[in-house]
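Each chain is listed here by its residues.
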Amino acid sequence: MEHDAYNPFTHAQKQFDHVATSLHLEEGMKDLLRSPMKEIHFSIPIKMDDGSTRVFKGFRMKHNEALGPAKGGIRFHPHESVDTVRALSMWMTWKCAVVGLPLGGGKGGVICDPQTLSLAEQERICRGYVRQIHTLFGPNTDVPAPDVMTNGQHMVWMLDEFETINQGHFPGMITGKPVNLGGSQGRTEATGYGVVYHLLALLAKKGLDIQNTRASIQGFGNVAQYAAELYSELGGKVVAVSCWNQKDQKSYTFRDLNGLNVAKLFEIKDAFGSLDIEKAKALGIEILPGEAWIEQDVEILIPAALENQITLESMAKMSNNVQIICEGANGPTAYEADAALFERGVTIIPDFLCNAGGVTCSYFEQVQGNTNFYWEKEEVLAKLQTFMNNAFENVYNVAKEKDINLRDAAYTIAITRVKEAVQARGWAS
Ligand code: NAD
């Protein structure tokens, strides 16, 4: 949807400029914070299974490391672009800062479509990625994690390559690892559950009961699956989810007006978060066009797939009953739609607050790895909820105090924290 015209980096910079102006940041500080401080572009040559060679483009960006080592996922996506990675690295800086984590912002990507690559080819890309830029990585310098279309297995291949090159064990070099190799309990669920912890906090402020709400979700990948799981366990009704269908290269919406059985959806999904259409039909689920997720008669929308999905154009099709948008994905709401939705009385829990559960649990994974002492899942999730609640409360209070929306309030807190760290280090005044 509107992939060609949309530039996520311009989007991220507009959001930043808007708040930086109201905070009266000095020009030098503004210049420093509105772009990544380091960018690496490289090629990864891969021997394919058929003996041919293909060259994949890779990127790693470090937006700002004033608060700590760069932290951020590595995405594999056919539409990955330099500007997407730039924007995402910038959002990581604000995400870590708004939660109060001692981490900076980074992001990586490879232009590739893992759905068309064998596991052996994916492994070679992971190892090739690390071989190209291993000097950047390390527990105290730059710590990647899974993101779109990458998972714990990809992280293990990257870790193994790094440890082979450096001849040692460095579990803190990467997060999102499987639990038997130093991963944290609860990491798989963390981003999606974090979305729901924020939703619960907002519903409490609005005096609404989750059991009287319905939600429509874009995506059924890592974030969406666990947001849907916890939301429905707590009594919310998931009316629709949409996802990508690899076979015909189209997206579809899967709907049940009585509420989808989320556990059944887990049984008919593949490893990339695509639902099987025939199996869904057999379960009595209606199949609608991909865009239909946004048009559903629900109180809550959870975009948890792609950037730039809620635009002035698409929001015109939204039901008047929609009161809350939980941004599970990064950058799902267009800059212009943001103010229009605020005017309309819709509350948006902004991406870098709403989906911060993932990086917070990655931080827990680092702490557990560093101390070589691993926590029970209940402990991880309880700490996660505390971190999310504290961050939400701070943002909510600033929004009320200044009469601004939650996004601008989250930016106000995050930019101020990074600015103070930059000033203390003497990088800018
Ligand atoms: P994922 O690869 O696991 O899932 C992506 C989902 O989006 C899949 O269900 C896919 O079918 C769906 N999708 C793709 N194109 C679509 C389309 N045109 N219409 C409808 N659905 C479509 O990815 P994920 O890890 O769940 O990440 C989703 C978003 O959340 C991304 O913006 C990512 O950057 C962000 N995010 C992820 C994490 C994390 O921990 N995984 C943390 C923070 C933010």
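Placed above this text is the structure.
Residues numbered from 1 in each chain as written. Predicted model: local features only at pLDDT ≥ 70, side-chain atom pairs only at ≥ 80, totals over all residues. Heavy atoms only, no water.

> Would you mind showing me how to read the overall build of the chain here?
Helix and strand counts for the chain stand at 15 helices and 12 strands. The C-alpha atoms of the chain give 21 Å as radius of gyration, which agrees with the globular expectation for 429 residues (22 Å, within 12%). The dimensions of the chain, computed from C-alpha atoms along their principal axes, are 55 × 55 × 45 Å. Across the 429 residues in the chain, those meeting the buried criterion constitute 58%. Sequence separation of 24 or more characterises 71% of the internal contacts of the chain that already satisfy a separation of 6 or more. As presented, the chain carries roughly 17,100 Å² of accessible surface, and 49% of it is formed by carbon and sulfur atoms. (Helix = DSSP H or I, 4+ residues; strand = E, 2+ residues; numbered from the N terminus. Rg over C-alpha atoms; globule rule 2.2 N^0.38 Å. Buried < 20%, exposed > 50% of the residue type's maximum accessible area, 1.4 Å probe, protein only. Contact = heavy atoms within 4.5 Å. Areas by Shrake-Rupley, 256 points an atom, 1.4 Å probe, with all protein chains shown as cover.)

> Looking at this structure, how should I read the site of the ligand?
Near the ligand you find 27 residues, and of these Thr191, Phe220, Trp244, Gly273 and Asn330 are the closest. In the environment of the ligand, an oxygen atom lies 2.9 Å from a nitrogen or oxygen atom belonging to the backbone of valine 223. Bound to the protein, the ligand loses 90% of the 830 Å² it would expose on its own. Only helix H6 (187-206), helix H7 (222-233) and strand E7 (237-245) provide two or more residues apiece to the shell around the ligand. With 3 residues, E7 is the single largest residue contributor to the shell around the ligand. Considering only residue class, the shell around the ligand consists of 11 nonpolar, 12 polar and 4 charged. Split by domain, the shell around the ligand shows at least three residues from each of two domains, domain 1 (38-178) and domain 2 (184-369 + 378-428). (Near = heavy atom within 4 Å. Polar contact = N/O pair within 3.5 Å; in protein donor to acceptor, adjacent residues only side chain to side chain. Nonpolar A, V, L, I, M, F, W, Y, C, P; charged D, E, K, R; others polar. Domains from an automatic or database assignment.)

> How should I be thinking about the pattern of salt bridges in this particular structure?
Where charged atoms from two side chains of opposite charge come close, those side chains can pair. Under the counting rule described, the total for this entry stands at 29 salt bridges. Glutamate 65 serves as the salt-bridge partner of lysine 62, at 3.3 Å between the closest nitrogen and oxygen. Of the residues examined, lysine 62 reaches a relative accessible area of 5% and is grouped as buried. Here glutamate 286 ties to arginine 255 by a salt bridge, and the two come within 2.9 Å at their closest N and O atoms. (Salt bridge = Lys/Arg side-chain N within 4 Å of Asp/Glu carboxyl O.)

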